[in-house]
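Here's the letter readout for the chains.
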Amino acid sequence: DAGVTQSPTHLIKTRGQQVTLRCSPKSGHDTVSWYQQALGQGPQFIFQYYEEEERQRGNFPDRFSGHQFPNYSSELNVNALLLGDSALYLCASTQGGGRAPDTQYFGPGTRLTVL
Amino acid sequence: AQSVAQPEDQVNVAEGNPLTVKCTYSVSGNPYLFWYVQYPNRGLQFLLKYITGDNLVKGSYGFEAEFNKSQTSFHLKKPSALVSDSALYFCAVREVYGNNRLAFGKGNQVVVIP
């Protein structure tokens, strides 16, 4: 049973560039959430995708956008990168839009460094 | 809005001794509560959750947690700590009838001393 997978593992970008991170949910899951974990902090909710639509959004600027594909995989895009965007980006999956108290399962994350 | 407080930055415990990691939460309604563990350069691994029912929840790797509604707490416990339990532990909460995003605490570093 494949768990949540993310790519790439590490990424180095410079300020002003754009980045795309990818996530494949756990088998049987159709809902994907993205979190940002800055160094020494807990994960912060960015947004959630279900049925190919953004259903919820945390307190992040419009530079952060996403997409969900028909196979439930998802992308996180960040434009005009800032130094403060350096973090571990975590993808989590669950099922049914997350309305039930189903567990969110996390991927290994993508470490983004902005220079 | 929901929030979690994990008051201790680091918890040091001798191998074989009981381990407790503290968590208090704030939600406007009833909570769903979760504990996750993170090893270096890894994602979050689910340990256990409280939804309803018995206040004592048993999870993976011998961990358990006790839900206390009056104290709004959900402390993680293990009767006998192992060196391999050394990791970063996160408590998270979401509202039962609100949005389904998880709000995490800042995490507790657990160090088990051989």
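Quick note: structure is the one above.
Now for a description of the structure that goes with this document. Here the residue numbering is sequential within each chain, running from 1 through the sequence in written order. Here the convention is simple: chains get letters from A, ligands get numbers from 1, in the order in which they are written. This being a predicted model, a pLDDT of at least 70 is required before a residue's local features are given, and a value of 80 or more before pairs of side-chain atoms are given or counted; all residues contribute to the totals for chains, interfaces and linings. The side-chain values count all of the structure's non-hydrogen atoms but skip hydrogen atoms and water molecules.

## A short note on the overall build of chain B
In plain terms, the rule: Each helix corresponds to a stretch of at least 4 residues labelled H or I by DSSP, and each strand to a stretch of at least 2 residues labelled E; elements are numbered beginning at the N terminus. The classification of residues rests on relative accessible area computed with a 1.4 Å probe and restricted to protein chains. Under 20% of the type maximum is buried, over 50% is exposed, and intermediate values are partly exposed. Should any heavy atoms of two residues lie within 4.5 Å, those residues are considered in contact. Accessible surface is estimated by sampling points in the Shrake-Rupley manner with a 1.4 Å probe; for residues, cover comes only from the protein chains shown.
Each helix and strand in chain B was counted, giving zero helices and twelve strands. Going from N to C terminus, chain B has its helices and strands arranged as β-β-β-β-β-β-β-β-β-β-β-β. Here chain B, with 114 residues, has 46% of them falling under the buried criterion. Within chain B, residue pairs in contact and separated by at least 24 positions form 57% of the contacts whose partners lie at least 6 positions apart. When the accessible area of chain B is evaluated, it comes to approximately 5400 Å², of which 50% is carbon and sulfur surface.

## A few points about the nonpolar core
Selection rule: What we call a nonpolar core is a set of buried Ala, Val, Leu, Ile, Met, Phe, Trp, Tyr and Cys residues that are connected through their side-chain atoms within 4.5 Å.
In this structure, Leu19(B), Trp35(B), Leu47(B), Leu48(B), Phe74(B), Leu76(B) and Tyr89(B) are the most contacted members of the largest nonpolar core, which totals 28 residues. Per-element accounting of this core gives the leading share, four residues, to strand S10 (residues 87-95) of chain B. Once residues within four sequence positions are removed from consideration, Leu47(B) is found in contact with Trp35(B), Tyr36(B), Val37(B), Gly59(B), Ser60(B), Tyr61(B), Phe63(B), Leu76(B) and Tyr89(B). The next biggest cluster of nonpolar side chains, apart from the first, holds 20 residues, and it includes Val4(A), Leu11(A), Val32(A) and Phe64(A).

## Focus: the pairing of strand S7 (residues 64-68) of chain A
All names here are of chain A. Going by this rule: Paired strands, in this sense, are two strands between which DSSP finds at least two bridges.
Bridge count for S7 against strand S8 (residues 74-78) is five bridges, and the pairing is antiparallel. Bridging across to S8, Gln68 finds its partner in Ser74. In textbook terms, the turn of a hairpin is the stretch between consecutive antiparallel strands, and for S7 and S8 this stretch comprises five residues, one of which, Tyr72, has a positive phi near 80 degrees.

## Quick look at the interface of chain A and chain B
Filter applied, for reference: Throughout this description, the term salt bridge denotes a Lys or Arg side-chain nitrogen within 4 Å of a carboxyl oxygen of Asp or Glu. We call two N or O atoms a polar contact when they sit within 3.5 Å, provided that within protein one can donate a hydrogen and the other can accept it, with sequence-adjacent residues counted only if both atoms are side-chain atoms.
Taken together, the contacts link 25 residues of chain A with 19 residues of chain B. Taken together, the links from chain A to chain B amount to zero salt bridges. At the surface where chain A touches chain B, the tally comes to seven residue pairs in polar contact (both at pLDDT 80 or more). The set of elements that each furnish at least two residues to the side of chain A that touches chain B consists of strand S4 (31-37), strand S5 (44-50), strand S6 (53-57), strand S9 (87-94) and strand S10 (105-106) of chain A.

## Examining the sheet that holds S8(A)
Residues and elements named next belong to chain A. We count it as follows: Angles run from 0 to 180 degrees between N-to-C directions of axes, and those axes are lines fitted to C-alpha atoms, restricted for helices to the stretch in contact.
Taken in spatial order, the four strands of this open sheet run S1-S3-S8-S7, and their pairing is antiparallel. A single partner strand is all that each edge strand has here, and the edge strands are strand S1 (5-7) and S7. Taking each pair of neighbouring strands and ignoring which way they run, the sheet shows an average axis angle of 20 degrees. Sheet topology places strand S3 (residues 19-24) next to S8; five bridges connect them, and they run antiparallel. Looking at S8, one finds that Thr20 is bridged to Asn77.

## What to know about unusual backbone geometry
A cis geometry characterises the amide bond from Ser7(A) onward to Pro8(A), with omega recorded as -10 degrees. Of note, Pro8(A) is situated in the loop between S1 and strand S2 (10-13). Unusually for a residue other than glycine, Glu51(A) sits at a positive phi of about 55 degrees. Summarising the element assignment, Glu51(A) is placed in the loop between S5 and S6. Backbone geometry places Tyr61(B), a non-glycine residue, at a positive phi of 60 degrees. Considering the arrangement of structural elements, one finds Tyr61(B) in the loop between strand S7 (56-58) and strand S8 (64-68). Look at Tyr61(B) and you get exposed, because its relative accessible area is 51%.

## Considerations on the pattern of salt bridges
Oppositely charged side chains can form a pair if their charged atoms are brought close together. Residues and elements named next belong to chain A. Overall, the coordinates contain eight salt bridges over all chains when judged by the stated rule. With its nearest N and O atoms 3.5 Å apart, the salt bridge here joins Arg22 to Glu75. You can see Arg22 sitting in strand S3 and its partner Glu75 sitting in strand S8, a full 53 residues away along the chain. Note on Arg22: relative accessible area 42%, which makes it partly exposed.

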